[in-house]
Amino acid sequence: MKTHIGLLTVALFLSGAHIPVLADDRPSASTQITSKRTLTPEEQAQKAARRACKIEICGILATKGEQGPDVACDIGWTWREDEIIDVLGDRIDWPWGKLVCQSQIRLSRAALAEAMSGPRYQAAADVQTVRCSLHNKDGKPYIVEIELAPRVTFENGKATEAQVNWGDVSAPAAIYPLLYAATGLDNSTNVLGPEVAHQINKFARKDCAKVKSELPGAAPD
């Protein structure tokens, strides 16, 4: 779960809005667009991979079992240009096209179980890289890579504090200064920390509840 922070936080920076990553739902402001859109084969594969990863993680959170394989997922998400513009509204101008992000989720089963069952636990992720493609109007994408090493504090199974801990940023000169300044600001002020903690708690409860019947060992309806 702590690695799922990666896509969430990069999306927050690149779009300036809250866009869930592993959740199947979309921002309410985009309901009209997303509820009627037809997914491309790539988007269908991304959605299936996210759901499988969600089920794997939620199964560990539900049982709090330390025995078994660790979590290993490769996930991605595509945000279309009209979705991003709809979410941003008049607050931020979006000069690019679609945004496509990818990341690997590698989680310790024992750490997840301890975070959910112990009185207090601090989860510290290794440095990870999130790779995003910002597509231009002419179709040629900018490639953005951002390193981060999140830390999350849990108390009685609930995330109470979080820090993204941004690292190196690799991006074209046109957008590098913006990303460098934004990541440096968040490292200094932890602006995104409360939102990250909120999203982890939402994922562990509300999002996992949506796949409860699909978890390993779940009783049939």
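All residue numbers refer to position in the chain's written sequence, counted from 1. Owing to the predicted nature of the model, reporting of local features is limited to residues with pLDDT of at least 70; listing and counting of side-chain atom pairs is limited to 80 or more, with chain, interface and lining totals taken over all residues. No hydrogens and no water enter the side-chain calculation; it runs on all heavy atoms of the structure.

1. A closer look at the sheet that holds strand β5 (residues 141–148)
Spatial ordering of the open sheet is given by β1-β2-β4-β5-β8, a layout of five strands whose pairing is antiparallel. What marks the edges here is a single partner per strand, and that holds for β1 (71–79) and β8 (166–170). With direction set aside, neighbouring strand axes in the sheet form an average angle of 15°. Strand pairing is assigned whenever DSSP detects at least two bridges linking the two strands. The helix count covers DSSP runs of H or I at least four residues long, the strand count covers runs of E at least two residues long, and both are numbered beginning at the N terminus. By the bridge criterion, four bridges tie strand β2 (residues 99–107) to strand β4 (residues 128–135) in an arrangement that is antiparallel. Bridged to Cys101 within β4 is Cys132. Axis definition: a line fit to C-alpha positions, over the contact stretch in the case of helices; interaxial angles, taken between N-to-C directions, run 0 to 180 degrees.

2. Concerning the side chain of Arg50
Mapped onto the elements, Arg50 comes out in helix α3 (residues 41–63). Only protein chains enter the calculation, and the probe is 1.4 Å; a residue is then buried if its accessible area is under 20% of its type maximum, exposed if over 50%, and partly exposed in between. Look at Arg50 and you get buried, because its relative accessible area is 5%. Here a polar contact is recorded for every N or O atom pair within 3.5 Å, except that within protein the pair must consist of a potential hydrogen donor and a potential acceptor, and residues adjacent in sequence are included only if both atoms are side-chain atoms. A polar contact is formed between the side chain of Arg50 and the backbone oxygen of Gly76, at a distance of 3.0 Å.

3. Structural notes on the state of the cysteines
The rule for a disulfide is simple: a pair of cysteine sulfur atoms within 2.5 Å. One pass over the structure, following the stated rule, counts three disulfides. Here Cys58 pairs with Cys208 through a disulfide, and the sulfurs are 2.0 Å apart. Taking the torsion about the sulfur-sulfur bond, which here is approximately -80°, the covalent link between Cys58 and Cys208 counts as left-handed. A residue pair is termed long-range when its members are at least 10 positions apart, and Cys58 in helix α3 and Cys208 in helix α7 (residues 193–210) qualify at 150 residues. For Cys58, a relative accessible area of 1% gives the class buried.

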